Amino acid sequence: MAAGTIRYWAAAKAAAGTAEEPYAAATLAEALDAVRARHPGELSQVLRRCSFLVDGDPVGTREHETVRLAEGGTVEVLPPFAGG
């Protein structure tokens with residue numbers, strides 16, 4: 001299990017009520033499951049539309065269970081942006 005930071009942007013930040021928080025998880029799927037448990041409701045809906053960067057690399061269409069998280073890493077949660 002690794003510990004790092006999840007950063008929320010735009011609508012994800014508003015739904016989470018915070019700009020960032022720590023994670024303790026081995027994979028992106030585990031980290032997102034923990035996020036959904038901490039923030040039931042609107043954030044779970046927003047996450048369905050988000051893209052993710054893990055340590056600066058786009059996750060793209062990879063299964064979240066296969067995306068390993070690093071100690072001290074960063075997960076960026078990026079909702080769709082108007083015009084972007």
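Calculation criteria
- Here the residue numbers are simple positions, counted from 1 along each chain's written sequence.
- The predicted origin of the model limits local features to residues at a pLDDT of at least 70 and limits the giving and counting of side-chain atom pairs to 80 or more, whereas totals for whole chains, interfaces and linings rest on all residues.
- Heavy atoms throughout the structure, all of them, feed into the side-chain values; hydrogens and water do not.
- The term salt bridge refers to a side-chain nitrogen of Lys or Arg lying within 4 Å of a carboxyl oxygen of Asp or Glu.
- Secondary structure counts use DSSP, requiring at least four H or I residues in a row for a helix and at least two E residues in a row for a strand, with both numbered from the N terminus.
- To sort residues, take the accessible area from a 1.4 Å probe on protein chains only and compare it with the maximum for the residue type: under 20% means buried, over 50% means exposed, and anything in between is partly exposed.
- We call two residues in contact when some of their heavy atoms are within 4.5 Å.

An unreviewed UniProt entry annotates the chain as MoaD/ThiS family protein of Streptomyces rubiginosohelvolus.

S.K.: Run through the pattern of salt bridges, naming residues and quoting values.
M.R.: By the definition in use, this model includes 4 salt bridges. Residue Arg7 is joined to Glu76 by a salt bridge in which the shortest nitrogen-to-oxygen separation is 3.2 Å. You can see Arg7 sitting in strand E1 (residues 2-8) and its partner Glu76 sitting in strand E5 (residues 74-78), a full 69 residues away along the chain. Given a relative accessible area of 14%, Glu76 falls into the buried group. Across the salt bridge formed by Glu21 and Arg38, the nearest N and O atoms sit 3.3 Å from each other. Separated by 17 residues along the polypeptide, Glu21 in strand E2 (residues 20-25) and Arg38 in helix H2 (residues 28-38) bring together distant segments of the chain. Residue classification places Arg38 among the partly exposed residues on the basis of a relative accessible area of 41%.

S.K.: Account for the side chain of Thr74, with residues named and values stated.
M.R.: Relative to the assigned elements, Thr74 resides in strand E5. In contact with Thr74, not counting residues within four places along its chain, are Thr5, Arg7, Tyr23, Leu53, Val54 and Asp55.

S.K.: With reference to specific residues and values, describe the environment of Pro58.
M.R.: Turning to its location among the elements, Pro58 is positioned in strand E4 (residues 57-58). What Pro58 contacts, discounting residues up to four positions off in sequence, is Phe52 and Leu53.

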